[in-house]
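Here's the letter readout for the chains.
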Amino acid sequence: MSVSFLDRLGETATRKLAARSSRRGVLGRMSAAMALAPAFPLLPVSRADAASAPAPAPAPAATLSDFERRAQSKDATKCNYWRHCAIDGVLCGCCGGGVHTCPPGTEPSPVSWIGTCRNPADGRSYVIAYRDCCGRDICATSKDCHCNTADREMPIYRPQASNDIIWCFGTASTAYHCSTAAIVGQAS
């Protein structure tokens, strides 16, 4: 049997490495490398996007949804208020609460559904957490405060983004009263 050139070259290199190093030395170097590896992201790096980003240009009308074209940022007790792009229910602002607070005598559900809404005042998009307020019968108001704005609504197989579920489980009472719309943060 003839040994190929690559086999002989590999064997020679391995024997020379073994003659010049010990197992402890190799294990020590590998341990040091593994211990220092998490520190690499901490090294100073010049990041191109580190400067604050300028305000985004207004979206072209063709890319806006129907809700975004009608959205306003002045009256939070109207269904076309920009934060209500994915809300389904009675607005807590019409029932003694606020756009992000439950009325007295109710408690917020421990879970929420989310939506991403565009603020027409600054042109930025924000992640909104919609939370049901529970513990009293549904708020009956003379104002037109029952909204079902399903802008970019996700089907039920993505329940965290669905507004068709009463989210009052896990509270003292499962009675639905109204819904809030709190800003979680700016969408990227």
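As shown above, the structure is provided for reference.
Peer 1: Help me out: how do you make sense of the overall build of the chain in this one?
Peer 2: Counting secondary structure elements, the chain contains three helices and six strands. In sequence order, the chain lays out its α and β elements as α-α-α-β-β-β-β-β-β. Taking all 188 residues of the chain together, the buried fraction comes to 31%. For the chain, the proportion of contacts with a sequence separation of at least 24, taken over those separated by at least 6, is 69%.

Peer 1: Can you help me understand the state of the cysteines in this one?
Peer 2: As used in these notes, a disulfide is a covalent bond between sulfur atoms, one from each of two cysteines. Counted by the stated rule, this structure contains seven disulfides. For Cys 79, the disulfide goes to Cys 147, at an S-S distance of 1.8 Å. Disulfide Cys 79 to Cys 147: torsion about the S-S bond roughly -85°, handedness left-handed. Of the two residues, Cys 79 is situated in the loop between α3 (66-70) and β1 (88-90) and Cys 147 in strand β5 (residues 146-148); the sequence distance between them amounts to 68 residues. Classification of Cys 147 by relative accessible area gives buried; the value is 1%. A disulfide bridge connects Cys 92 with Cys 178, and the sulfur atoms are separated by 2.0 Å. What sets the handedness of the Cys 92 and Cys 178 disulfide is the S-S torsion sign, and at about 95° it is right-handed. Separated by 86 residues along the polypeptide, Cys 92 in the loop between β1 and β2 (107-108) and Cys 178 in strand β6 (residues 176-186) bring together distant segments of the chain. According to the relative accessible area criterion, Cys 178 is buried, its value standing at 0%.

Peer 1: Is there a simple way to think about the packing of aromatic side chains in this case?
Peer 2: Working definition: an aromatic ring pair is given by the centre-to-centre distance plus the angle between the planes. All chains considered together, the criterion is met by three aromatic pairs. Each ring, one from Tyr 81 and one from Trp 82, has its centre 6.2 Å from the other, and the planes form 50°; the classification is tilted. Assigned by exposure class, Tyr 81 and Trp 82 land together as buried. A centroid spacing of 5.5 Å and a plane angle of 55° characterise the contact between Trp 82 and Tyr 126, whose relative ring orientation is tilted. Placement of the pair is Trp 82 in the loop between α3 and β1 and Tyr 126 in strand β4 (residues 125-134), with a sequence separation of 44 residues. Feature note: the residues Tyr 81, Trp 82 and Tyr 126 constitute an aromatic cluster, connected by ring pairs.

Peer 1: Mind showing me how you'd approach the environment of Cys 85 here?
Peer 2: Tracing the backbone through its elements, the reader meets Cys 85 in the loop between α3 and β1. Under the relative-accessibility criterion, Cys 85 is labelled buried at 1%. Sequence spacing of Cys 85 and Arg 118 is 33 residues, and the spatial spacing of their C-alpha atoms is 8.4 Å.

Peer 1: Where do I start with the nonpolar core in this structure?
Peer 2: Most often, soluble globular proteins keep nonpolar side chains buried together rather than apart. Of all hydrophobic cores here, the largest spans 29 residues; its most connected members are Trp 82, Ile 128 and Tyr 130. Elements with a minimum of two residues in this core: β3 (113-118), β4 and β6. The leading source of residues in this core is β4, at five residues.

Peer 1: Just checking my understanding: could you explain empty space enclosed by the protein for this structure?
Peer 2: Leftover empty space is mapped by rolling, across the atoms, a probe with the size of a water molecule. Throughout the structure, instances matching the rule amount to one cavity of 30 Å³ or more. For the largest cavity, the calculated volume is near 30 Å³. Of the residues assigned to the lining of the largest cavity, the class counts are four nonpolar, five polar and no charged.

What counts, and at which threshold
- Residues numbered from 1 in each chain as written.
- Predicted model: local features only at pLDDT ≥ 70, side-chain atom pairs only at ≥ 80, totals over all residues.
- Heavy atoms only, no water.
- Helix = DSSP H or I, 4+ residues; strand = E, 2+ residues; numbered from the N terminus.
- Buried < 20%, exposed > 50% of the residue type's maximum accessible area, 1.4 Å probe, protein only.
- Contact = heavy atoms within 4.5 Å.
- Disulfide = S-S within 2.5 Å.
- Phe/Tyr/Trp six-rings, centres within 6.5 Å; stacked < 30°, edge-to-face > 60°.
- Core = buried A, V, L, I, M, F, W, Y, C linked by side-chain atoms within 4.5 Å.
- 1 Å grid on protein atoms, 1.4 Å probe; cavity = no way out; pocket = protein on both sides within 12 Å on 5 of 7 lines; lining within 4 Å.
- Points joined across faces, edges and corners; volume = space filled by probe spheres on them.
- Nonpolar A, V, L, I, M, F, W, Y, C, P; charged D, E, K, R; others polar.

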